[in-house]
Every structure is written in C-alpha cells, then in structure tokens.
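# Descriptive structure summary
Residue-level listing of the chains:
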Amino acid sequence: MAYAIDIIEDSFNKTKKLLFPIRKSFWLKMGFVSLFSGRAGSGSYSSGYNSNQIESFPEDVKSTIGEINNNFLFNLKKYGYFIGIFISLVLLIVLFFSYIFSIFKFMFIQGVLEKKINIKRSFNKNKKLGASLFVFRIYLGLISIGLMLLIFSPLIFAFLNGALQFFNYLLLIPMLFSFFILIFIVRIVNFIVMNFLVIIMYNKDVSIRSSWNHFKKITSEKKVEIFLFWIMKIVLGIVGGIAIAIIVIGFLIAFGIIGAILAFIFYFMYAASNSYLILGTGIVFGVILFLFFIYAVAVVSLPVDVFFQYYSINMIKKLEKGKN
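Summarised in this report is the structure supplied together with it.

What counts, and at which threshold
Residues numbered from 1 in each chain as written. Predicted model: local features only at pLDDT ≥ 70, side-chain atom pairs only at ≥ 80, totals over all residues. Heavy atoms only, no water. Helix = DSSP H or I, 4+ residues; strand = E, 2+ residues; numbered from the N terminus. Rg over C-alpha atoms; globule rule 2.2 N^0.38 Å. Areas by Shrake-Rupley, 256 points an atom, 1.4 Å probe, with all protein chains shown as cover. Lys, Arg positive; Asp, Glu negative; His and termini not counted. Charge placed at Lys NZ, Arg CZ, Asp CG, Glu CD. Salt bridge = Lys/Arg side-chain N within 4 Å of Asp/Glu carboxyl O. Buried < 20%, exposed > 50% of the residue type's maximum accessible area, 1.4 Å probe, protein only. Core = buried A, V, L, I, M, F, W, Y, C linked by side-chain atoms within 4.5 Å. Contact = heavy atoms within 4.5 Å. Phe/Tyr/Trp six-rings, centres within 6.5 Å; stacked < 30°, edge-to-face > 60°. Axes fitted to C-alpha atoms, helices over the stretch in contact; angles between N-to-C directions. Parallel < 35°, antiparallel > 145°, perpendicular 65-115°, else oblique. Patch = residues over 30% accessible without salt bridge, like charges linked within 9 Å, V, L, I, M, F, W, Y side chains within 5 Å. Expected span 1.5 Å × (residues − 1).

When helices and strands are counted, the protein shows 11 helices and zero strands. Radius of gyration (C-alpha) of the protein: 25 Å, far over the 20 Å computed for a compact globule of 324 residues. The principal-axis extent of the C-alpha atoms belonging to the protein is close to 70 × 70 × 35 Å. Element-wise, carbon and sulfur atoms account for 72% of the exposed surface of the protein, whose accessible area totals about 19,400 Å². Separation between the mean location of the 31 positive side-chain charges and that of the 13 negative ones in the protein comes to 15 Å.

This is how it looks when you write it as structure tokens:
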C-alpha cells in the first residue's frame, strides 16, 4: 500500500495521544505557536503594445483607458514619495513576520516531537534554523517577483509610457498562462519545503541546502510516493478545511454576538457623551476581540495542525526506512 495511506492511522493515533487528555497549558502554547507558524515560466514579447491590434476597440473606450492611465501616472508622480514610504513599511512588516513565522515553524515541530513547549527557550533554540528558512524565503520571493515582473513587463511598459489604450490585450492570454505556471511551481516548491525540508532540517540540525540533498537521496526512487502524498494532502486538506470552517463559523456566531453587544454599548455611550476617548476605547476593544477570535480558532483547531505535522513526519520516516 502507498506510504501516504499507510501513515494516516498512525498520524491520527499520535495526534490523539499528544493532545488527549487535554493539557490546557500545552494547548494554549501550541495554539499560539501554530498561529505564527504559517498554518501548518515566463514569456518574452517583442512588442507590448500595438495600436493595429485593437482597432476594434471603440474610440471612446480607448479614450477612457488612456485617461485612466494618465490619471494613475499623474497620481503616481504626485504621491510617489508617500507610496514609496508606505510600500517600504509594508515590506519591512512582511519581512519581520516572515522571519517570525520561519522560527515558529520549527517551534511547532519541536512541540509535536518533544510533546512539550517552552516558547522562550524554543524560540532561542530554533533561531538558527529559522534564519536559514527565512533567507530561502527571501530568495524565493525575489525570484518569484522578478519572474512575475518579466511576465507582465509588456503591460507594465505600456502603463509607464501612458499607452494602455494601444496595448495588445491578446497578450494577456500567454501572460496569465505563464503566471499560473509560475504560481504552480512556487506552490510545489513550498510544498516540498514545508512538508519535508523543514522536518529534515530540524531532525538533523542542518541548513536548507543540506536538507535538500538528503531529501533527494531518500526520494530518488520514490517519486510516485511523493506524488501520492501530495494527492492525499489535498484530499485530507479538504476534510481538515471543512472541520476548521465549522469551527470558524461557530466562533463567528459567538464572537459576532459579543461584538454586536459591545458595539451597541460603545455606540450609545459615544452618542451620549460625544467623547472620542470612548470611541477609541471601543475600537481598541474591537481589535482585541478580533485578535482573540483568531487565537481561539487556532487553539480549538490545533488537532488538525498537529495531525498534518505528524503526517509529514511519518512520511519522512517511511521514505528513510524504505531507502535503508
């Protein structure tokens, strides 16, 4: 029988043994770690725009497109400095959380394997492995963005030249096709990294490059097993997604009722006093309630995340055992 099917029962039993009977402290800590662990082709074109290609466009449509293009360029020049600052801040925030997620991924693996978790000590222990994964994510992100810009370069050049009204929109077909191929490849890479390489990195305390070499060794004759594992992950992922969706709906109803009651209370308090302090307090309470909602979902759905972590761990054990 295929490895991907063989390990389902064992992964389920290990999940049940790890989480039940419930250890409140362990669930709360692992739910927090799970929340921050990131739960669980191009083409080249000789010409980006050509007015002869869209003569069928009515003149008023071309005029509207050109006007919109010019307005965007005007606002880009006018507010470019602020847009640049905003993008830079967003990029810094994304990089920060990517680094945190990279470390927490190994923390979650540690919690599952060691059956206990101390967030501070675990964070310090896994910083080196997290940094290796983080650097890889940066490279993958830069390559992906570069290829995406290359794919859509004709459209980008047309926009920057204020010539969208003359762009050959038939080129969107090969552009989108190439874009979806790129997305598929990136997803495959992430699948291999998150289901295999990070576990090998943790088990052997090696960099992502060394884990890749080990992965190639144990899967050299097991390509079909990897494919079946991928298929089973999709199938089981649908089941897990349905379970989480049910949890989310239940919490949405509960937190929605609480949120609505608090909103009415703060609204009437603000209407009576016209105090911005009360309004600000209401907003803070709303943010806190939203964050608590996300955390509560992560804690309650922890068995799903633990199962899929065990599922990947057991798959690697099967591959390594089959190689020996």
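Next up on the list: the pattern of salt bridges. Any two side chains of opposite charge can pair, given that their charged atoms come close. Inspection of every chain in the model, using the stated rule, returns three salt bridges. Among the ionic pairs, K14 bridges to D10, the shortest N-O distance being 3.3 Å. Placement of both K14 and D10 in helix α1 (residues 3–19) is noted, with a separation of four residues, approximately one turn of the helix. In this structure K14 comes out as partly exposed when scored by relative accessible area, which is 24%. One salt bridge connects K125 with E114, and the closest N-O pair in it is separated by 3.3 Å. Highlighted residues: K125 in helix α4 (residues 119–125) and E114 in helix α3 (residues 59–114), separated in sequence by 11 residues. By relative accessible area, which is 34% here, E114 ends up partly exposed.

To continue, consider the nonpolar core. Among the nonpolar cores identified, the biggest contains 50 residues, and F106, V112, F196, V198, F229, V306 and Y311 are the most heavily contacted of them. Elements with a minimum of two residues in this core: α1, α2 (24–35), α3, α5 (127–151), α7 (172–204), α8 (208–218), α9 (223–273) and α11 (302–323). Apart from residues no more than four positions distant in its own chain, Y311 is found in contact with A4, I7, I8, S11, F229, M232, K233 and L236. Among the nonpolar cores identified, the runner-up in size contains 11 residues, and L164, L171, F179 and L182 belong to it.

Inspection of every chain in the model, using the stated rule, returns 30 aromatic pairs. Seen from their ring centres, F264 and F268 are 6.4 Å apart, and the 20 degrees between their planes marks the pair as stacked. Here F268 and F264 lie together in helix α9, a separation of four residues that amounts to about one turn. Each member of the pair, F264 together with F268, is exposed. Grouping aromatic residues by their ring pairs yields a cluster made of F191, F196, W212, F215, F229, F307, F308 and Y311.

One can describe the packing of α5 onto α7 by two numbers: an axis separation of 11 Å at closest approach and a directional angle of 175 degrees. The orientation of α5 relative to α7 falls into the category roughly antiparallel. Contacts between α5 and α7 pair L129, S132, L133, F136, R137, L140, S144, L147, M148 and I151 from the former with M175, S178, F179, L182, V186, V189, N190, V193, M194, V198, M201 and Y202 from the latter.

A grouping of K17, R23, K115 and K317 is seen on the molecular surface, where their side chains present a positively charged patch. For K317, the location among the structural elements is in helix α11.

Another point: α7. Over its 33 residues, α7 extends 46 Å from the first C-alpha to the last, a length consistent with the 48 Å expected when each residue adds 1.5 Å. After α7 finishes, the residue D205 shows a positive phi value of roughly 50 degrees.

With that settled, the discussion passes to the environment of K204. Locating K204 in the fold gives a position in helix α7. Overall, the relative accessible area of 42% leaves K204 in the partly exposed class. Here the alpha-carbon distance between K204 and H214, two residues 10 residues apart in the chain, equals 9.9 Å. Not counting residues up to four positions away in its chain, the partners in contact with K204 are H214 and E320.

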